[in-house]
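Survey of secondary and tertiary structure
Each chain, letter by letter, is given below.
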Amino acid sequence: MTTPVSTTSTKEKRLSLQGILTAFVLILTLILISVLVWNSWNTHATKLKESKTATTNIARALAQHGEDTIGGIDNVLVGLVETLEQHPWNSEHLDRMNMFLRQRVADLPLLQGLFVYDDKGRWVVNSQEVLRTEFNNSDREYFIFHRDHADRGPHVGLPVRSRSTGDWIIPVSRRLEHPDGSFFGVVLATINMQYFRAYYESFDIGKSGAIFLATQNGTLLVRRPFDETLIGKDISKGPVFQHYFKHGPSGTAIVVSKIDQVERINSYRRLNHYPVLISVALSTEDVLADWRDSTMRYVFASAVLIVLLWMMSLRLIHQITIRERAQAELRIVRDDLERMNGELAALALQDSLTGLANRRRFDAALDEEYSRAMRNETQLALVILDVDHFKKYNDHYGHPQGDECLKKISQTLKAASTRPGDLVARYGGEEFAILLPGTSIAGAGAVAERVRLAIQAMNIEHAENSGGVVTISAGVTSMIPSRKFNSPPDLIQTADQALYEAKESGRNRVCAKDKTNPHT
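Residues numbered from 1 in each chain as written. Predicted model: local features only at pLDDT ≥ 70, side-chain atom pairs only at ≥ 80, totals over all residues. Heavy atoms only, no water.

1. Considerations on the layout of surface pockets
As a reminder of what qualifies: The method works on a 1 Å grid over the protein atoms by themselves. A cavity is a set of points holding a 1.4 Å probe that cannot get out, a pocket is an open set with protein on both sides within 12 Å along at least five of seven lines, and residues with an atom within 4 Å of a point line them. Grid points are joined across faces, edges and corners, and a volume is the space filled by probe spheres set on the points. Elements are defined by DSSP. Helices are runs of H or I of four residues or more, strands are runs of E of two residues or more, and each kind is numbered from the N terminus.
In this structure, the largest pocket occupies an estimated 2200 Å³ of space. Around the largest pocket, the lining is made up of 42 residues, and of these Asn-39, Tyr-298, Arg-419, Pro-437 and Gly-438 lie nearest the centre. Within the residue set of the lining of the largest pocket, elements represented by two or more residues are α1 (2–86), α7 (289–322), α9 (359–376), β14 (431–437) and α12 (441–457).

2. Remarks on a nonpolar patch on the surface
Definition in use: Any residue with relative accessible area above 30% and no salt bridge may belong to a patch, with like charges joined within 9 Å and the nonpolar Val, Leu, Ile, Met, Phe, Trp and Tyr side chains within 5 Å. In this description, accessible areas are obtained by the Shrake-Rupley approach with a 1.4 Å probe, and a residue is regarded as covered only by the protein chains that are shown. Salt bridges are defined as contacts in which a side-chain nitrogen from Lys or Arg sits within 4 Å of a carboxyl oxygen from Asp or Glu. When accessible area is computed with a 1.4 Å probe and restricted to protein chains, residues below 20% of their type maximum are described as buried, those above 50% as exposed, and intermediate ones as partly exposed.
A surface patch of nonpolar side chains, about 490 Å² in accessible area, is lined by Phe-300, Val-304, Val-307, Leu-308 and Met-311. With relative accessibility at 60%, the residue Phe-300 sits in the exposed group.

3. What to know about the pairing of strand β16 (residues 510–515)
As a reminder of what qualifies: Should DSSP find at least two bridges between two strands, the strands are regarded as paired. Here a crossover is taken to be right-handed if, once the strands point away from the viewer, the path from the first strand over the helix to the second is traced clockwise.
Where strand β15 (residues 472–479) meets β16, six bridges bridge the pair, whose relative direction is parallel. Counterpart to Met-479 in the pairing with β16 is Lys-515. What joins β15 to β16 is helix α13 (residues 488–504), and the crossover it makes is left-handed.

4. Brief notes about empty space enclosed by the protein
In plain terms, the rule: Lys, Arg, Asp and Glu make up the charged group, whereas Ala, Val, Leu, Ile, Met, Phe, Trp, Tyr, Cys and Pro make up the nonpolar group; the residues left over, Gly among them, are polar.
This model, assessed by the stated rule, comprises two cavities of 30 Å³ or more. In terms of lining residues, the largest cavity is bounded by 13 residues, among which Tyr-117, Asn-137, Ser-162, Arg-163 and Ile-169 are the most central. When residues of the lining of the largest cavity are traced back to their parent elements, those giving at least two are β1 (111–118) and β6 (183–192). The residue inventory of the lining of the largest cavity, partitioned by class, reads seven nonpolar, four polar and two charged. Quantified by volume, the second largest cavity comes out at close to 40 Å³. Lining the second largest cavity, in full, are Arg-197, Tyr-200, Glu-201, Val-222, Arg-223, Arg-224 and Phe-226. Elements represented by at least two residues in the lining of the second largest cavity include exactly α4 (193–201) and β8 (220–224). Here the residues of the lining of the second largest cavity sort into three nonpolar, no polar and four charged.

5. Details of the packing of helix α11 (residues 399–416) against α12
The condition that has to hold: All axes are obtained by fitting lines to C-alpha atoms, using only the stretch in contact for helices, and the reported angles, taken between N-to-C directions, cover 0 to 180 degrees. In this scheme, a crossing is called left-handed if the near helix is turned counterclockwise away from the far one by less than a right angle; it is called right-handed if the turn is clockwise. What makes two residues a contact is simply this: any of their non-hydrogen atoms within 4.5 Å.
Where α11 contacts α12, the two axes come as close as 10 Å, and the packing angle between them is 145°. Along this stretch, α11 crosses α12, giving a crossing that reads as right-handed. Of α12, the residues touching α11 (which contributes Ile-409, Thr-412, Leu-413 and Ala-416) are Arg-450, Val-451, Ala-454 and Ile-455. Partitioning the contact of α11 with α12 into residue classes produces six nonpolar, one polar and one charged.

6. So, the pattern of salt bridges
Should the charged atoms of two oppositely charged side chains come close, the side chains can pair. Under the counting rule described, the total for this entry stands at 24 salt bridges. Note that Arg-264 and Asp-260 form a salt bridge whose closest N and O atoms lie 2.7 Å from each other. Overall, Arg-264 belongs to the buried group, its relative accessible area being 4%. Classification of Asp-260 as partly exposed rests on a relative accessible area of 28%. For the salt bridge of Asp-363 with Arg-359, the shortest nitrogen-to-oxygen distance reads 3.2 Å. On the criterion of helical spacing, the pair formed by Asp-363 and Arg-359 is a turn pair, its members being four residues apart in helix α9. For Asp-363, a relative accessible area of 29% puts it in the partly exposed group.

7. Re the sheet that holds β14
Taken in spatial order, the five strands of this open sheet run β13-β14-β12-β15-β16, and their pairing is mixed. Pairing within the sheet leaves two strands with one partner each, and these edge strands are β13 (423–428) and β16. Averaged over all pairs of adjacent strands, the angle between strand axes in this sheet comes to 20°, irrespective of strand direction. In this structure, β13 lies alongside β14, joined through five bridges in antiparallel fashion. By the bridge assignment, Gly-428 is partnered in β14 with Glu-431. Across the sheet, α9 lies against β12 (380–387), β13, β14 and β15, angled at about 130° from β13, the strand it touches most. Docked against the sheet, α11 engages β12, β13 and β14, running at close to 10° with respect to β14.

Next comes the structure, spelled out in structure tokens:
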């Protein structure tokens, strides 16, 4: 009568083990999915944040450029106003003025021309060799503005085609007055629109990015990509100006353009001294393109991993159901032996002081990741770090304190390695290594710089080091492994060379040597 009881007990143990294994795989699957979702969301947010910072910086630079450009021209206008209001407009004076205007235009290539009109809009003098008196500019927006407004400040007018050259120009003008304050005429400087177009084209803003310059009331002056039909168009009802009217002289927002219906990250800034607004925009499609590709790769890899995990788990469960368990004593002995073997294996691959991977683990991981990168034709990056003047630290503070310093640095290195495939190891003594699969030299350099700043920010006292705190130097490299042109030692050697350069350059810095070209 004891046999059925034993069979029932064994069956219950099998069912319990199956339930535990199923729950474990389910939890592991949920963890993998959660990590994937979190990493994707975090990368998405980081990409958008970096792009907002980039557009803000470009907008600030372009605003300063606009300020300098218009300011330089306005200085010329101020001088002309003072001269023209204080001297009679006789032929001798106008001849000298013509020579002066021609010289100023020759000195400033961005200027299309300088012009002076009387109170009727007639051409009085300009920067051209021959004064064409058949034209009258009393119908121009800038002339009407100064005629009807007593404001003596600069006025950035609507873009027009020059009557003298036919080119698109942006007018900047000032009012001339009689001594009694009545309207006397207009002095005008015209900026060739091509100057702004060429300058804006020099910025890398992606294939769908945009830059525009507009008056503060919403009149478009120039835009990249250039479209002649948009010149002078009222864009004050657009999302950028609506955000500007609501939030003030500078800001950043993700909006959909009414011009081409492209969603962009827009940063705008109003010039400090002139009624002009500059806007820079990066397409979210361009910004997130790499993120989408990497997310799809991670999703595919995770899906494959989960499927394999479940296949293996189901197969194991199936084997459990068709096998009889050994005696309880043997199972206990086996479990204890496996546990001890696992602990011994872990200890054999772990640095006893820092808890990081040791040199043996690093060498094995390097060979494995090198082979994987060679098969997949992906980049493999390596960062080698060295604590600056660590021997002096030990001599000054003692070896026990030196060990504590290495432990603290190890904790910082662990925090810097966030991806499952990355490996942080103690390479030897005060040297550490970070192995970064699928990472470019720029990405590895960013990791190294983040680690450098974090360790410096720990403010560990080091009287024998420059700055009085513990710092590190780092060498960074990245390569696409090739059986023909390089090997794992090449990666270490190149990173070591970069580390040497960092030390020779003064320590507490990151130096990089690129090995992505297999022929170098």
